[in-house]
Amino acid sequence: MARYSTLGLLGAGLSGHKSWPRAWRAPDPKPRYDIVVIGGGGHGLATAYNLAKYHGVKSVAVLERGWIGGGNTGRNTTIVRSNYRQPQLQRMLEYALKLWEEMTDELNYNVMFSQRGAVFLGHSDSDMTRLAERGDSLRAQGIDAELMSRAEVARLIPVLNMSPEARFPVQGGLIQKRGGTARHDAVAWGYARAADALGVDIIQNCEVTGFALRGGKVEGVETTRGPIGADKVAICVAGNSGHVAGLAGLKLPIESHLLQAFVSEPVKPMIDTVIMSQSIHCYISQSDKGEIVLGGDPDMYPTYSQRGMALRTEEVAGQAIALVPALSRLRMLRCWAGTTDMSFDGSPIIGETPVDGLYLNGGWCYGGFKATPGSGALYAHHLATGQAHELAVPFNLARFAHGSTIDEAGVGPKAQDR
């Protein structure tokens, strides 16, 4: 793989950018691999890259039923942060955040990671108490968090409605300055290019239709491009986790719900941080192209449709306008929905399944994008060594049987944090 560089960019410009080689191959599937990863999103590609780069497992195939990054990786609001409440999630997502900070150099691909900060707004005394508790918990783990006064929030985000009579009056906030956003497509493309250069076969338009099982052990997969043998099979398909696991006879503690996102027409820079709220489930940022990016609650009913309901669109738009009144002047450019795999405690599942040789990385609810590099590294460690990484141990599937769930919000997945 030729490294991208400033000189290479200048040289390609002289030829009208017609000399660039393919970023990754389009191979036909081989009869057998050591490990087959099902799912060509960020988590699946990161897993394959880590297997090849750090564990020396070069006989790896990534099977994607459509095109890489065409699922939730390309359908999220691109927020990256580690300021969660539960210590297990704090440690794992802080591990991921540190990998985000190195990712562009690691992959030799600009993933446009922008550490513009992530702010939780507090709208009441109760909110500020909870934000202070969260900040203390984060600092105890060595994670940056700063409590902000009302005046400090107003200086940082001058477009906010700071009136005491506002629908959601702002009393202060909590900021993680190392949080921010990244370009979701670039993440998928960067991992695909780097994994391919290490010998990983990325096979698109290859849907898994079943598993080859013998004596309770997986021996491969059935696909629309023929059978493929494997010593281990790793499920990494986000909102389709329940469906794919069902092909092996497994029933997961997961439901698939829709999560919508929207962008406005592009405007000049007006919001230079990520805005979230302790009380309402609306989050706002501005893309590099100038679009205002909005997200909110899932639609909260099981479906694979990827078509959200207008009621949720109206709710999120109303909350966003209440926080930033200037948004009322903008036109919506487009909206979309991703299918999220909502685990019953709102936390991910990483590790073995009851089927020997079959592994699962899913249940990320609506927090999967921010975990991408950490998820791939932890999952690859388990696949390559047969042992869960210490950061991933709490997220095993067996926790639901043991009663050792990790509930970030304390009230189930509906109120689970973004």
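A closer look at helix α3 (residues 87-107)
Its 21 residues place the ends of α3 29 Å apart at the C-alpha level, agreeing with the 30 Å of an ideal helix rising 1.5 Å per residue. The largest bend along α3 measures about 45° and falls at E101. Every buried residue belonging to α3 is among L89, Q90, M92, L93, E94, A96, L97, W100, M103 and L107, and all of these are buried. N108 occupies a position one or two residues after α3 and carries a positive phi of about 55°.

Focus: the pattern of salt bridges
By the definition in use, this model includes 20 salt bridges. The shortest N-O distance in the salt bridge between R178 and E101 comes to 3.0 Å. One end of the pair, R178, is in the loop between β6 (172-176) and β7 (180-181); the other, E101, is in helix α3, with 77 residues separating them in the sequence. Residue D144 is joined to R178 by a salt bridge in which the shortest nitrogen-to-oxygen separation is 2.8 Å. Residue D144 is located in the loop between α4 (125-140) and β5 (146-149), and its partner R178 is located in the loop between β6 and β7; the two are separated by 34 residues in the primary sequence. Through salt bridges that share partners, R25, K30, D196 and D201 make up one connected network.

Brief notes about the environment of A377
For A377, the position within the fold is in helix α9 (residues 372-385). It is 5.7 Å that separates the C-alpha atoms of A377 and N50, two residues lying 327 residues apart in sequence. In contact with A377, not counting residues within four places along its chain, are N50, Y95 and L99.

Quick look at the pairing of strand β13 (residues 274-277)
The alternating pattern of β13 places V274 and M276 and I275 and S277 on opposite faces, both of which are buried. Across four bridges, strand β4 (residues 118-122) lies against β13 in parallel orientation. Across the sheet, V119 pairs through a bridge with I275, a residue of β13.

Here's the deal with the packing of α3 against α9
In helix packing, the relevant descriptors are the interaxial angle and the interaxial distance, both defined with respect to the helix axes. Where α3 meets α9, the closest approach of the two axes is 7 Å, and the angle between their N-to-C directions is 110°. Classified by the interaxial angle, the pair formed by α3 and α9 is roughly perpendicular. On α9, the residues that touch M92, Y95, A96, L99, W100 and M103 of α3 are T372, P373, G374, A377 and L378. When the residues that make up the contact of α3 with α9 are grouped by side-chain class, the tally is nine nonpolar, two polar and no charged.

Looking at the environment of I228
In this fold, I228 is placed in strand β11 (residues 228-235). Residues I228 and Y95, 133 residues apart in the sequence, show an inter-C-alpha distance of 34 Å. Apart from the residues lying within four places of it in its own chain, the contact partners of I228 are P29, K30, P31, Y33, V36, L63, G220, V221 and T223.

Digging into the layout of surface pockets
Estimates place the volume of the second largest pocket at around 420 Å³. T78, R183, H184, S287 and E291 are the residues nearest the centre of the second largest pocket, which is lined by 22 residues in total. Only α6 (184-197), β14 (283-286) and β16 (332-343) provide two or more residues apiece to the lining of the second largest pocket. Within the lining of the second largest pocket, the residues separate by chemical class into five nonpolar, 10 polar and seven charged.

Comments concerning the packing of aromatic side chains
For any pair of aromatic rings, the description rests on two quantities: the centre-to-centre distance and the angle between the ring planes. Enumeration according to the criterion identifies six aromatic pairs in this entry. Through a chain of ring-to-ring contacts, the aromatic side chains of Y4, W20 and Y109 assemble into a single cluster. Here the basic side chain of R193 rests over the ring of Y4, its NZ or CZ set 3.5 Å away from the ring centre.

Points about the nonpolar core
With 50 residues, the main nonpolar core has L45, W100, Y191 and V200 as its most contacted residues. Secondary-structure elements contributing two or more residues to this core are β1 (32-38), α2 (42-54), β2 (60-63), α3, α6 and α9. Leave out the neighbours within four places in its chain, and Y191 touches G42, L45, A46, Y49, M103, L107, T372 and P373. Among the nonpolar cores identified, the runner-up in size contains 27 residues, and V208, A230, L252 and I254 belong to it.

A closer look at the side chain of T340
Structurally, T340 can be placed in strand β16. Relative accessible area serves as the criterion here: at 4%, T340 is assigned to the buried category. Once residues lying within four places of it in the same chain are set aside, the contact partners of T340 are N72, G239, E255, S256, H257, L259, C365 and Y366.

Some points on unusual backbone geometry
Apart from glycine, the bulk of residues carry a negative phi angle, and the bulk of peptide bonds sit in the trans form. The backbone phi angle of T78 is positive, close to 65°, even though this residue is not glycine. Within the secondary structure layout, T78 lies in the loop between β2 and β3 (79-80). Phi is positive for M300, which is not a glycine, with a value near 65°. Topologically, M300 is positioned in strand β15 (residues 292-302). For M300, a relative accessible area of 26% corresponds to the partly exposed category.

Considering the confidence of the model for the protein chain
On average, residues of the protein chain score 94 in pLDDT, and 98% of them reach the 70 mark or higher. Segment residues 411-418: pLDDT under 50, and 34 contacts once partners within four positions in sequence are set aside and those in other chains are kept.

Observations regarding the packing of α2 against α6
The interhelical angle for the contact between α2 and α6, taken along N-to-C directions, is 25°, at an axis separation of 9 Å. Judged by the inter-axis angle, α2 sits roughly parallel to α6. Both α2 and α6 take part in a crossing whose hand is left-handed. Contacts from G42, L45, A46 and Y49 in α2 reach A188, Y191, A192, A194 and A195 in α6. Residues that form the contact of α2 with α6 fall into these classes: eight nonpolar, one polar and no charged.

Calculation rules
Residues numbered from 1 in each chain as written. Predicted model: local features only at pLDDT ≥ 70, side-chain atom pairs only at ≥ 80, totals over all residues. Heavy atoms only, no water. Helix = DSSP H or I, 4+ residues; strand = E, 2+ residues; numbered from the N terminus. Expected span 1.5 Å × (residues − 1). Bend = angle between axes of the 7 residues up to and from the residue. Buried < 20%, exposed > 50% of the residue type's maximum accessible area, 1.4 Å probe, protein only. Salt bridge = Lys/Arg side-chain N within 4 Å of Asp/Glu carboxyl O. Contact = heavy atoms within 4.5 Å. Pairing = 2+ DSSP bridges. Axes fitted to C-alpha atoms, helices over the stretch in contact; angles between N-to-C directions. Parallel < 35°, antiparallel > 145°, perpendicular 65-115°, else oblique. Nonpolar A, V, L, I, M, F, W, Y, C, P; charged D, E, K, R; others polar. 1 Å grid on protein atoms, 1.4 Å probe; cavity = no way out; pocket = protein on both sides within 12 Å on 5 of 7 lines; lining within 4 Å. Points joined across faces, edges and corners; volume = space filled by probe spheres on them. Phe/Tyr/Trp six-rings, centres within 6.5 Å; stacked < 30°, edge-to-face > 60°. Lys NZ or Arg CZ within 6 Å of the ring centre and 35° of its normal. Core = buried A, V, L, I, M, F, W, Y, C linked by side-chain atoms within 4.5 Å. pLDDT = per-residue confidence, 0-100. Left-handed = near helix turned anticlockwise from the far one by under 90°.

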